[in-house]
Amino acid sequence: MGSCCTSSQGQEKNCQIILQTQIQNTIISEYDLKYHKQIQFIQACARGFLVRKRYQSLIQKLRKQKMVKKEQNHYSNELSFKDSSPFQDTKITHMPKSQHQQVYRVKKLAKVPEYLSNRVNKILQLYTTFQYDSEEDNKFNFPIYQLDDGCIYHGQWKNGHGCGKQYWLNGTFYEGYWAFNMFDGRGRLVHSDGNIYEGEFKNDKASGEGIYYSIDGLKYVGQWENNVQNGHGMEIWHDGTTYDGEYKNGLKNGQGVFKWSDGSMYTGQLIDGNLEGIGQLKWDDGRVYEGSWKNNCMHGHGQFKWPDGRKYEGQYNNGIKEGVGQFEWPDGRLYKGEWLNNKQHGIGIYLGYNGIEKEGEWSDGKLVRWNKGKARMSII
């Protein structure tokens, strides 16, 4: 029995070993199967990806060849350009407006005619070369076309987009970027009178940051919107005068600083290009006015100081002392009272060297009489 039991236990043990081995083999086989399936799936995907990639590359190549052929056929017949009608000469606050889009028959040229290029080059030699956004654009290996009205376009043109130069017969010239057949992006516009705008355009109008050079020596650097200065900007005149401040609708509006070539300086408010509001004006000889302004004149309450110590504080009307004010001399004398046409006029109080105050009446800057025995008026 013992041997039988032992034999039975041995057989059971052997069965367990065989069963365990079979289970292990089964697990390994299932793992291997999954692994191989994953490998096959990855390989299939990889092969499919490569096939699709080669297919897409071929399709793109064919499309590109077709587009190039179509573009060549398009160039050989008709091109869509901006209307090349001459721009009207304008001042700094009005940029030229392009006209409606038209289709022109064109012909290729080997180079830009000298009668157009020489004039533009003579103007642009005073300025830096216009830089496009990419090295490829800066190489400027583009064809040259002449429109049926004689104007020249040199550049790329893809459905109204691209970069290029256009010469008008009246001397106007543009180089830069285009979109929808209009100036759009960075560009440089040379007016027929020689004035130049360089900066950002939007829908044919100066919009964004830009610089305007005038043939009379004026330079504006700052923000634009719809062809006029709008936002912060700085003007520099040929004699060294500068303005640095705010603009609205093409005029100086808001806070600003004027510096004249003689050393005088205004700091304060402006409305529609005029000194108006609260501001301070310093002259080169040391005089200082600080107070209210209207239409470029001292108007309202203000204080005026002279370098020798004299001082006036009171009312102004259109740049002259008028109303009630107080004038002080450097030796201690003082007048406080009424003024008219920059002179004492009316009732006033005079403080002399001895410190005694007297009330009197003045006319056209001269004392008429002292008011003895009368109570002094409290004017200030």
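About the cut-offs
- Residues numbered from 1 in each chain as written.
- Predicted model: local features only at pLDDT ≥ 70, side-chain atom pairs only at ≥ 80, totals over all residues.
- Heavy atoms only, no water.
- Salt bridge = Lys/Arg side-chain N within 4 Å of Asp/Glu carboxyl O.
- Buried < 20%, exposed > 50% of the residue type's maximum accessible area, 1.4 Å probe, protein only.
- Helix = DSSP H or I, 4+ residues; strand = E, 2+ residues; numbered from the N terminus.
- pLDDT = per-residue confidence, 0-100.
- Contact = heavy atoms within 4.5 Å.
- Phe/Tyr/Trp six-rings, centres within 6.5 Å; stacked < 30°, edge-to-face > 60°.
- Lys NZ or Arg CZ within 6 Å of the ring centre and 35° of its normal.

> Is there a simple way to think about the pattern of salt bridges in this case?
One pass over the full model with this rule turns up 10 salt bridges. For lysine 111, the salt bridge goes to glutamate 114, with nearest N and O atoms at 3.8 Å. For lysine 111, a relative accessible area of 53% puts it in the exposed group. With a closest N to O distance of 2.9 Å, glutamate 198 and arginine 188 form a salt bridge. Note that glutamate 198 is positioned in strand 9 (residues 196-202) and arginine 188 in strand 8 (residues 182-190), a separation of 10 residues in sequence. The exposure class assigned to glutamate 198 is partly exposed, which follows from its relative accessible area of 21%. Judged by relative accessible area, arginine 188 falls into the buried class, the value being 2%. Because the salt bridges share partners, they merge into one network encompassing Glu175, Arg188 and Glu198.

> Before we go on, may I ask you to explain the confidence of the model for the protein in this structure?
Should pLDDT be low for a region, the predicted coordinates there are not to be read in detail. Across the protein, pLDDT averages 77, with 70% of residues at or above 70. Confidence over residues 1-53 falls short of pLDDT 50; this stretch has one contact with residues more than four positions distant or in other chains. Scored below 50 in pLDDT, residues 66-103 makes 96 contacts in the model with residues more than four places away or belonging to other chains.

> Looking at this structure, I do not really get the packing of aromatic side chains. What am I missing?
Both the distance between ring centres and the angle between the ring planes are used here to describe each pair of aromatic rings. According to the stated counting rule, one finds 34 aromatic pairs in the structure shown. Taking NZ or CZ as reference, arginine 333 lies 4.6 Å from the ring centre of tryptophan 329, over its face. Against the face of tryptophan 370 rests lysine 358, its NZ or CZ located 5.2 Å from the ring centre.

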